[in-house]
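Structure assessment
Listed here are the chains, written in short residue letters.
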Amino acid sequence: MTILQLQKRKQQQQPITMLTCYDTWSAKLLDQQAVDCVLVGDSVAMVMHGYESTIYADMAMMTMHTKAVSRGLTKPLLVADMPFMSYRQGFSKVVECATELMQAGAQAVKLEGAKGNEQVVRHLVESGIPVMGHLGLTPQSVHQLGGHKIQGKDEKRANELLQEAMDLQAWGCFALVLECIPESLAQRLTQQLTIPTIGIGAGRYVDGQVLVLQDMIGCSGEFYPKFLQTFAQVGNAIGQGVGAFCQAVQQRDFPSQAHCYEPLAPQAVEKVGHETSA
Ligand code: KIV
């Protein structure tokens, strides 16, 4: 999938599918489905490393997970998040970080917000790095926003978001994630923009949907926001599998004889000349 194919999806009104992914084995699973776009999101800090917010994601974390995901993907467009503050410390830092993510296998980078990001977005795009924008609830600003709250509920903030979206498009972003904003605002943005919008908690009238993989397969514990649907109960299945393993070991049902290696008979050793492998 390329950014041009993604943009065509909007023109042809074909919904875009996007999921987060942080490791090779789940990347291989996503690769076999109709997933258009895979995001190595900075939510990796929370989902995989147990931190309380995305501000703990750093370049070492993002690069390691981007490399792992890229080794499992062949088809979807791979986007990696620029971590907290990596694009607010001047050009040389942003160029260094974006280069590292692209060399780790990303095909585009995502960064949050618009204000103060014009030069960065323009510079990356002009340098040949596709940039995805992210507006609405921007988790890296969680403390500035006063918590994980729905954004753009009043007219003033809604108009600001509209202007920010138009700015990101003008500066060269190829697509925009809209997180936790009212459906009617997401619809307005989607109609006014020529680039695709990809919503999470932004309702139905956007060009695509993104979810955190672990959330939509029932592996995020108690986290259950209004916008989320659980499409598979993998968490329960893992729990059952682990429980069954523990029980089988405790009851000495596992391993059975069928799982055990026996020394080769002397004549077989002579015949093959070496031991057979597992
Ligand atoms: O980091 C992330 O998971 C994201 C999605 C919520 C879009 O940015």
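Within every chain, residues take consecutive numbers counted from 1 along the sequence as written. Per-residue local features are limited, in this predicted model, to residues with pLDDT of at least 70; the limit for side-chain atom pairs, both in listing and counting, is 80 or more; totals at the level of whole chains, interfaces and linings are taken over all residues. No hydrogens and no water enter the side-chain calculation; it runs on all heavy atoms of the structure.

The next subject is the sheet that holds strand E7 (residues 197-200). Any two strands with at least two DSSP-identified bridges between them are counted as paired. Counting from the N terminus, the helices are the DSSP runs of H or I reaching at least four residues and the strands are the DSSP runs of E reaching at least two. Taken in spatial order, the 8 strands close into a barrel running E1-E2-E3-E4-E5-E6-E7-E8, and their pairing is parallel. Taken pair by pair, the neighbouring strands of this sheet meet at an average axis angle of 25 degrees, ignoring direction. In this description, a line fitted to the C-alpha atoms serves as the axis of each element, helices being fitted only across the stretch in contact, and the angle between N-to-C directions of two axes falls anywhere from 0 to 180 degrees.

Residues are counted as near a molecule or strand when any one of their heavy atoms sits within 4 Å of it. What surrounds the ligand is the set Thr20, Leu39, Gly41, Asp42, Ser43, Asp81, Lys110, His134, Val177, Glu179, Ile200 and Val212. Think of a polar contact as two N or O atoms within 3.5 Å of one another; within protein, one of them needs to be a possible hydrogen donor and the other a possible acceptor, and neighboring residues in sequence only count if both atoms come from side chains. At 3.0 Å, a side-chain N or O of Asp42 approaches an oxygen atom of the ligand. At 2.5 Å from an oxygen atom of the ligand is found a side-chain nitrogen or oxygen belonging to Ser43. We get accessible surface area from the Shrake-Rupley algorithm with a probe of 1.4 Å; when it comes to residues, only the shown protein chains can shield them. When isolated, the ligand has an accessible area of 260 Å², and the protein chains bury 96% of it. Gly counts as polar in this scheme, as do all residues outside two lists: the nonpolar Ala, Val, Leu, Ile, Met, Phe, Trp, Tyr, Cys and Pro, and the charged Asp, Glu, Lys and Arg. Looking at the shell around the ligand residue by residue, the classes come out as 4 nonpolar, 4 polar and 4 charged.

Moving on to the pattern of salt bridges. When a carboxyl oxygen of Asp or Glu is within 4 Å of a side-chain nitrogen of Lys or Arg, the pair counts as a salt bridge. On inspection of all chains with the given rule, the structure shows 10 salt bridges. Between Arg157 and Glu160 there is a salt bridge; the shortest N-O distance is 2.8 Å. Of the two residues, Arg157 and Glu160 are both situated in helix H8 (residues 155-171); the distance of 3 residues between them amounts to about one turn of the helix. Whether a residue is buried, partly exposed or exposed follows from its accessible area with a 1.4 Å probe, protein chains only, as a fraction of its type maximum: under 20%, in between, or over 50%, in that order. Judged by its relative accessible area of 26%, Glu160 is partly exposed.

The subject of this paragraph is the domain arrangement of the protein. Examined at the domain level, the protein breaks down into domain 1 (3-232) and domain 2 (238-277). A domain assignment, automatic or from a database, supplies the domain bounds used here. Computed from C-alpha coordinates alone, the two centres of domain 1 and domain 2 are separated by 45 Å.

Two numbers describe how helix H5 (residues 91-103) lies on helix H6 (residues 118-126): the axes approach to 11 Å, and their chain directions differ by 45 degrees. Between H5 and H6, the interaxial angle falls into the category oblique. As for the relative orientation of H5 and H6, their crossing is right-handed in sense. Here Phe91, Val94, Val95 and Ala98 of H5 come into contact with H6, specifically with Gln119, Val120, His123 and Leu124. By residue class, the composition of the contact of H5 with H6 is 6 nonpolar, 2 polar and no charged. Roughly parallel refers to an angle under 35 degrees, roughly antiparallel to one over 145, roughly perpendicular to one between 65 and 115, and oblique to any angle outside these ranges. In this scheme the crossing of two helices becomes right-handed for a clockwise turn of the near helix relative to the far one and left-handed for an anticlockwise turn of less than a right angle. Two residues form a contact once any of their heavy atoms are found within 4.5 Å.

As a further point, take unusual backbone geometry. Omega for the peptide link from Phe254 to Pro255 comes to -5 degrees, which places this bond in the cis form. Residue placement: Pro255 occurs in the loop between helix H11 (234-250) and helix H12 (266-272). We note that Gln13 has phi near 55 degrees; this positive angle belongs to a residue other than glycine. Looking at Gln13, the relative accessible area reads 71%, which means it is exposed. A positive phi angle, close to 50 degrees, is found at Cys180, a residue other than glycine. Tracing the sequence through the fold places Cys180 in the loop between strand E6 (175-179) and helix H9 (183-192). The class for Cys180 is buried, based on a relative accessible area of 7%.

Residue placement: Glu164 occurs in helix H8. By relative accessible area, which is 9% here, Glu164 ends up buried. Those residues in contact with Glu164, other than ones at most four positions away along the chain, are Ala114, Lys115, Leu135 and Arg157.

Tracing the backbone through its elements, the reader meets Glu112 in strand E4 (residues 108-112). A residue counts as positive if it is Lys or Arg and as negative if it is Asp or Glu; His and the chain ends are not included. One buried charged residue, Glu112, remains without a salt bridge, the closest side chain of opposite sign being Lys110 at 4.7 Å.

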